[in-house]
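Tertiary structure, described
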Amino acid sequence: MTQTNNYSPLYKRADKNNIYATLLIIITLWITFFVLSDLYSSYNQYNEEVASLKIKEKSLNEELMTLNEKKNKVKNDKKTQQLIAQYASPYREDIILNQIYAKFDWVNINDISMDKWQKLPNWLSMANIWFSIDAKNIVELNKYLEYLTDKTSNVRFIIKNAAFPLNSENQNSTTQASLSLWMYYFENN
């Protein structure tokens, strides 16, 4: 028995076109899959970044609110403002010298030297000040030291070192001392 081919040339052409169409659809789907999968992963990465940035923004806004509250609290507190003014004053030699060379007729200041220092971790800087002093007596020297470290003065010094001979027999004699002071100041850099 012989087989007869029931397909006409039209059917053969349609079958070829169907195969080509199917192959074209498969290739198109394959290319679309790779292009869209890359776009989809980029889209997911972008969404993750946005979510991460929103969380960071929220934490930074909370921190800003707490800092603004602290700023307002300091702004309204006179005692804190005075402390800031004392410890965060600018480094101006004229102001420092006016504070050191106060109108004390029982004290003579000699051999003064000053230098700036590096910035500290608390954003303030520190100056070193050295000088020698001749005081009328030990009591007057103590008054002068209290004046330098007074809590109400414009510039507040910290006594780093004070060296002077102590004569216990005669406390009314002239006293010579060497002083080393520290002074905090604020410098914008």
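Everything below is about the structure shown above.
Let us look at the structure shown here. (Residues numbered from 1 in each chain as written. Predicted model: local features only at pLDDT ≥ 70, side-chain atom pairs only at ≥ 80, totals over all residues. Heavy atoms only, no water.)

**Remarks on the overall build of the chain**
Helix and strand content of the chain: four helices and four strands. In the chain, the order of α-helices and β-strands from amino to carboxyl end is α-α-α-β-β-α-β-β. Sequence-distant contacts in the chain: of pairs separated by 6 or more residues, those separated by 24 or more amount to 63%. Looking at the chain as shown, the accessible area adds up to about 15000 Å², and 56% of this sits on carbon and sulfur atoms. (Helix = DSSP H or I, 4+ residues; strand = E, 2+ residues; numbered from the N terminus. Contact = heavy atoms within 4.5 Å. Areas by Shrake-Rupley, 256 points an atom, 1.4 Å probe, with all protein chains shown as cover.)

**Some words on the environment of Phe 104**
Examined against the element boundaries, Phe 104 turns out to sit in the loop between helix 3 (93-100) and strand 1 (107-115). Accessibility expressed as a relative area gives 18% for Phe 104, which makes it buried. (Buried < 20%, exposed > 50% of the residue type's maximum accessible area, 1.4 Å probe, protein only.)

**What to know about the packing of helix 3 against helix 4 (residues 138-148)**
Direction vectors running N to C along helix 3 and helix 4 enclose 150°, while the axes themselves pass 10 Å from each other. Relative to helix 4, the element helix 3 is oriented roughly antiparallel. Only Tyr 144, Tyr 147 and Leu 148 of helix 4 make contact with helix 3, whose side of the interface consists of Asn 98, Gln 99 and Ile 100. Taken together, the residues that form the contact of helix 3 with helix 4 break down as four nonpolar, two polar and no charged. (Axes fitted to C-alpha atoms, helices over the stretch in contact; angles between N-to-C directions. Parallel < 35°, antiparallel > 145°, perpendicular 65-115°, else oblique. Nonpolar A, V, L, I, M, F, W, Y, C, P; charged D, E, K, R; others polar.)

**What to know about the packing of aromatic side chains**
Two measures describe an aromatic ring pair: the distance that separates the ring centres and the angle between the ring planes. One pass over the structure, following the stated rule, counts three aromatic pairs. Judged by centre distance (5.0 Å) and plane angle (75°), the ring pair of Trp 30 and Phe 34 falls under edge-to-face. You can see Trp 30 and its partner Phe 34 sitting in helix 1 (residues 9-76), four residues apart, about one turn around the helix. Judged by relative accessible area, which is 43%, Phe 34 ranks as partly exposed. Note on Tyr 144 and Tyr 147: the rings are 6.0 Å apart at their centroids and 35° apart in plane angle, and the pair reads as tilted. Remark: Tyr 147 and Tyr 144 occur in helix 4; sequence separation between them is three residues, near one turn of the helix. (Phe/Tyr/Trp six-rings, centres within 6.5 Å; stacked < 30°, edge-to-face > 60°.)

**Comments concerning the sheet that holds strand 4 (residues 175-185)**
The strand order across the open sheet formed by four strands is 1-2-4-3, and the pairing between neighbours is antiparallel. The open sheet has two free edges, formed respectively by strand 1 and strand 3 (157-163), since each of these has just one partner strand. Strand-to-strand, the axes of this sheet are offset by a mean angle of 25°, without reference to chain direction. For strand 1 and strand 2 (residues 125-135), the ladder comprises seven bridges, and the chain directions are antiparallel. In the strand pairing of strand 2, Asn 110 is matched with Ser 132. Against the sheet, helix 4 engages strand 1, strand 2, strand 3 and strand 4, with an angle of about 5° to strand 4. (Pairing = 2+ DSSP bridges.)

**A word on the nonpolar core**
Judged by nonpolar contacts, the single largest core of 23 residues is most densely connected at Phe 131, Ile 133, Tyr 144, Phe 157 and Met 183. Breaking this core down by element, the ones donating at least two residues are helix 3, strand 1, strand 2, helix 4 and strand 4. With residues near it in sequence (within four places) discarded, Met 183 still touches Pro 90, Tyr 91, Ile 96, Ser 125, Met 126, Ala 127, Ile 129, Val 155, Arg 156 and Phe 157. (Core = buried A, V, L, I, M, F, W, Y, C linked by side-chain atoms within 4.5 Å.)

**Some words on helix 3**
Of the residues making up helix 3, those classed as buried are Ile 96, Gln 99 and Ile 100. All buried residues of helix 3 project into a common sector of 95° when viewed along the axis, lining one side. If you follow the buried residues of helix 3, they end up packed against strand 1, strand 2, helix 4, strand 3 and strand 4. (Arc of directions from axis to C-beta.)

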